[in-house]
Amino acid sequence: MGGTERSWTDKVLLALCLLGVLAPLCFRHVLTLDGPLHVQHAAMLGHRIFGEAPGGHGVHVALSGIWPHATDLVALPLLKIFGPAAAEHGLVVSCGLLLLLACRAWLRATERSSSLFALVPALCFGQLLVLGFFGFLWGVAFVLLAGACWIRWRRDGGKVPIMLVLWCTLAAWSHRSALPLLLLMIATQEGIVFIRSRRFWKGALLLLGGLMIAAGLLLAVVGAAPIEPVRAVEPWRDLWQLRPLLLMDAVSERPLLLAYGVLLLFAVVLAVRARRRSAWNTSDVLLPLAALLLIGSLAVRTPMADLLYLADRAQWLALLFLALWCATNVPRSRIALAIALAALTVHAGRMLLLERRMAPYAEYHHDLMRAAQQLPDHGVVAVAHRGDDWILHNAGAHVSSVYNGMLLDKRGGLWYARGSPQVERLRELIGGRMCEGYWLRHMERDPAERFVDAVLVIGAHGAIGDSCAGSFQPLLDRAMHTTFANGNTSVHVWR
């Protein structure tokens, strides 16, 4: 291939990669597990800045603990203009786009260009994105951008670039793990440089310092006692099945994940062969970091680590670093181009499956928004979930992001401000056991203490498997009547 042809090929591949991460813009609907909570946070931040706290009858949302998150930069304007569905849509697209641009910046900083950059789009979409860990994904993107700035600054010299300070600030703002990860990356890179330049002790001290910072923060997190039931985790199985890249359907996605895994292995073989004939370069810092993350995901096994999805985060990040290392080290060739086109084809198949899997939730969202319009104005509404569809776990947060009253939702992430007699009495009645429903039965017997105006039930009619809906149902049948109902939601008020 000639130089012009190479440039033309790179531009086409980059355009295809951009289309790959912007694909969710064409989805009929996007819904993630924690995404509604991010939208809800943006809505409450808007209330704190521009208006009063939602609520009524002396019971209001506690806004004093609502502080700006980095994701609010996208979620808040989209929420105000287009609504909660568009805000979550924008957050999903922003994660993929930021990660792709950050990896591209890393490649440019190392002065490399490779067809295997096409491995990256598939890694921008995985289990962490479907879970809605937007802050973590933003933090990783800003860490890579800061790392790229660091590489350029160390190579070209001069004053500390303002962009390096900006990316570090945004990384720290996005997620609490971002700065320790950046420090570990820089310490590892500089330590390797010192060791290779025969300043062994300086390099060893830098490596040791970076490891101690990372290990100390990790132990402080995983040593805490979990406050929720711990899920079952098998890191070895998750790794070889590429679970960090799983979206929503393990059965239909298995052939595509297997194909991507084979392509990644081919890329690693090509990268190892290329590295045998070339000197050390700054991208090599990604390899020990990937190894360290993989070892950590297998070795760190505590209930809190499982609750925080630390193994999933570490394995996904290790795969991203590994793919980026391959893209940095494999020269352009026909084999690399074939792997790149195959990876983009696999990614396109995964996007089609994800779109089909998420599209039915558009009906749930429309039903929720119609139910929100039927809720009492400036009221207090208890939420009961029906069924065990995990992706609808936090769907009630979308209602609270557009409702001028307050939702009492065990899963919603909001609670009431202390101080008023109604709040203190409600707090005493609920006693931290919202789903037991006895406090609603007390309000049935004593109309003077009916601080809750209505009950919103979320979930398909007839679905079973949720404690709140099960404990509330006898009261709904006896003391309340239904003012609104469709296939997925219902609103109940006192008779």
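Residues numbered from 1 in each chain as written. Predicted model: local features only at pLDDT ≥ 70, side-chain atom pairs only at ≥ 80, totals over all residues. Heavy atoms only, no water.

Engineer: How do you make sense of the state of the cysteines when you look at a structure like this?
Structural biologist: Throughout this description, disulfide means a covalent bond between two cysteine sulfur atoms. Throughout the structure, instances matching the rule amount to 1 disulfide. The disulfide that involves Cys-435 links it to Cys-468, with 1.7 Å between the sulfurs. In this structure the cystine formed by Cys-435 and Cys-468 twists about its S-S bond by roughly -60 degrees; its chirality is therefore left-handed. Separated by 33 residues along the polypeptide, Cys-435 in the loop between helix H19 (421-430) and helix H20 (438-445) and Cys-468 in helix H21 (residues 467-479) bring together distant segments of the chain. One exposure class covers both Cys-435 and Cys-468, and it is buried. You can see Cys-26 has no disulfide; the closest cysteine sulfur is in Cys-17, sitting 16 Å from it. (Disulfide = S-S within 2.5 Å. Helix = DSSP H or I, 4+ residues; strand = E, 2+ residues; numbered from the N terminus. Buried < 20%, exposed > 50% of the residue type's maximum accessible area, 1.4 Å probe, protein only.)

Engineer: Mind showing me how you'd approach helix H17 (residues 361-373) here?
Structural biologist: The α-helix advances 3.6 residues per turn, and as a result positions three or four apart in sequence lie on the same side. Taking 1.5 Å as the rise per residue, H17 with 13 residues should run 18 Å; its terminal C-alpha atoms sit 19 Å apart, in good agreement. Along H17, the residues classified as buried are Tyr-361, Ala-362, His-365, Asp-367, Leu-368, Met-369, Ala-371 and Ala-372. Buried residues belonging to H17 abut helix H4 (84-109), helix H16 (334-358), helix H18 (396-400), strand E5 (454-458), strand E6 (480-485) and strand E7 (489-494). (Expected span 1.5 Å × (residues − 1). Contact = heavy atoms within 4.5 Å.)

Engineer: How should I be thinking about the nonpolar core in this particular structure?
Structural biologist: Soluble, globular proteins show a tendency: their nonpolar side chains are buried together. In terms of nonpolar packing, the biggest core is built from 162 residues, with Leu-144, Trp-316, Leu-408, Leu-426 and Trp-439 touching the most fellow members. In terms of residue count, the dominant contributor to this core is helix H7 (residues 134-156) (15 residues). (Core = buried A, V, L, I, M, F, W, Y, C linked by side-chain atoms within 4.5 Å.)

Engineer: Which parts of the structure should I look at to understand H7?
Structural biologist: Between the first and last C-alpha of H7 there are 33 Å, a value that for 23 residues agrees with the 33 Å anticipated at 1.5 Å per step. Of all 23 residues that make up H7, 18 are buried, and the element is covered over most of its length. At the C-terminal side of H7, Gly-157 shows a positive phi close to 75 degrees.

Engineer: What am I meant to see in the confidence of the model for the protein here?
Structural biologist: It should be kept in mind that the predicted coordinates are not to be read in detail where pLDDT is low. Scored by pLDDT, the protein comes out at a mean of 89, with 98% of its residues at no less than 70. Confidence drops under a pLDDT of 50 for residues 1-5, and excluding neighbours within four residues, the segment shows 3 contacts in the predicted structure. (pLDDT = per-residue confidence, 0-100.)

Engineer: Teacher, can you tell me more about the packing of helix H12 (residues 250-275) against helix H15 (residues 310-329) here?
Structural biologist: Two measures define how a pair of helices packs: the angle their axes make with one another and the distance between the axes. Direction vectors running N to C along H12 and H15 enclose 50 degrees, while the axes themselves pass 9 Å from each other. As the angle between them shows, H12 and H15 are arranged oblique. The way H12 lies across H15 gives a crossing that is left-handed. Listed contacts from H15 to Leu-264, Ala-267, Val-268, Ala-271, Val-272, Ala-274 and Arg-275 of H12 are Leu-319, Leu-322, Ala-323, Trp-325, Cys-326 and Asn-329. Taken together, the residues of the contact of H12 with H15 break down into 11 nonpolar, 1 polar and 1 charged. (Axes fitted to C-alpha atoms, helices over the stretch in contact; angles between N-to-C directions. Parallel < 35°, antiparallel > 145°, perpendicular 65-115°, else oblique. Left-handed = near helix turned anticlockwise from the far one by under 90°. Nonpolar A, V, L, I, M, F, W, Y, C, P; charged D, E, K, R; others polar.)

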